[in-house]
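# Analysis of the macromolecular model
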Amino acid sequence: DIQMTQSPSLLSASVGDRVTINCKASQNINKYLNWYQQKLGEAPKLLIYNTNNLQTGIPSRFSGSGSGTDYTLTISSLQPEDFGTYFCFQHNSWPLTFGSGTKLEIK
Amino acid sequence: QIQLVQSGPELKKPGESLKISCKASGYTFTDYAMQWVKQAPGKGLQYMGWINTQTGKPTYADDFKERFVFSLETSASTAYLQINNLKNEDTATYFCTAPFDYWGQGVMVTVSS
């Protein structure tokens, strides 16, 4: 199984900060990497699909990059509504797997 | 617009069974496979598997090969997750998603004696 190691697990940042969240796969996932945001009591929301494609309706301050085994989600200027938990998800190889999550707190 | 609407919360005893529904609207049901995801309280997301909405063939991740059954009622654009012989560790929220873009609101399942 492909292991997705996500870091950091907890992140505290201020409004306006540039924030990066990382996901490392245990093997090449060929850019089949999605990023989700989840708020308490809600379903995950797709932000980025296939590494760097912004889902419709998602603000352009969110971006994704990476290749091979290393992937990054960047929020260019953190907004108060960006708090929540972020998950990466690989859909290259069976079984599909999620990262363990990054809890983003706003200072 | 595309919507996945799931059934309501469940409270069950160990050993019982339950069946969760996920009704799709806003698209042709057979265009996308239906995926299922588990989230235990305070934990991350765990991929359970998927069902081919054209053939009805389910595929389960290893942790979900026993006791879990994916099924369809295509005429009603509805997918189902059945869990048999419930255990305490099945306490979780269960999401349907198609094709990872659109998510149901989740069903909270509590298993307690």
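The present account deals with the structure reproduced in this document. Note that the structure is predicted; figures quoted are calculated from it, not measured. (Residues numbered from 1 in each chain as written. Chains lettered and ligands numbered in written order. Predicted model: local features only at pLDDT ≥ 70, side-chain atom pairs only at ≥ 80, totals over all residues. Heavy atoms only, no water.)

A separate point is the nonpolar core. Residue and element names in this part refer to chain B. Membership of the largest hydrophobic core comes to 27 residues, with the highest contact counts inside it found for L4, I20, M34, W36, M48, L81 and Y94. When contributions to this core are tallied by element, the ones reaching two or more residues are β3 (18–25), β4 (34–39), β5 (46–51), β7 (68–73), β8 (78–83), β9 (92–98) and β11 (107–111). Sequence-distant contacts of Y94, that is, excluding residues within four places in its chain, are made with Q6, I20, V37, K38, M48, F68, L81, I83, G106, V107 and V109. (Core = buried A, V, L, I, M, F, W, Y, C linked by side-chain atoms within 4.5 Å. Buried < 20%, exposed > 50% of the residue type's maximum accessible area, 1.4 Å probe, protein only. Helix = DSSP H or I, 4+ residues; strand = E, 2+ residues; numbered from the N terminus. Contact = heavy atoms within 4.5 Å.)

Moving on to the interface of chain A and chain B. At the junction of the two partners, chain A supplies 13 residues and chain B supplies 16 residues. Taking both partners together, chain A and chain B bury about 1,300 Å²; carbon and sulfur atoms supply 70% of that area. Its largest share of buried area at the contact with chain B, chain A owes to P44(A), W94(A) and F98(A), together 41% of the area lost on that side. Where chain A packs against chain B, one counts zero salt bridges. Where chain A meets chain B, there are two residue pairs in polar contact (both at pLDDT 80 or more). Considered class by class, the residues forming the side of chain A that touches chain B number nine nonpolar, three polar and one charged. (Buried area = accessible area lost by both parts, 1.4 Å probe. Salt bridge = Lys/Arg side-chain N within 4 Å of Asp/Glu carboxyl O. Polar contact = N/O pair within 3.5 Å; in protein donor to acceptor, adjacent residues only side chain to side chain. Nonpolar A, V, L, I, M, F, W, Y, C, P; charged D, E, K, R; others polar.)

All right, on to the state of the cysteines then. Residues and elements named next belong to chain B. Under the criterion given, the structure shown has two disulfides over all chains. Through a disulfide, C22 is tied to C96; the S-S separation comes to 2.0 Å. Between C22 and C96 the disulfide shows an S-S torsion of about 80°. By sign, it is right-handed. Of this pair, C22 sits in strand β3 while C96 sits in strand β9; the two residues are 74 residues apart in sequence, bridging distant segments of the chain. (Disulfide = S-S within 2.5 Å.)

Remember that the coordinates give geometry; whether it matters functionally is a separate question.
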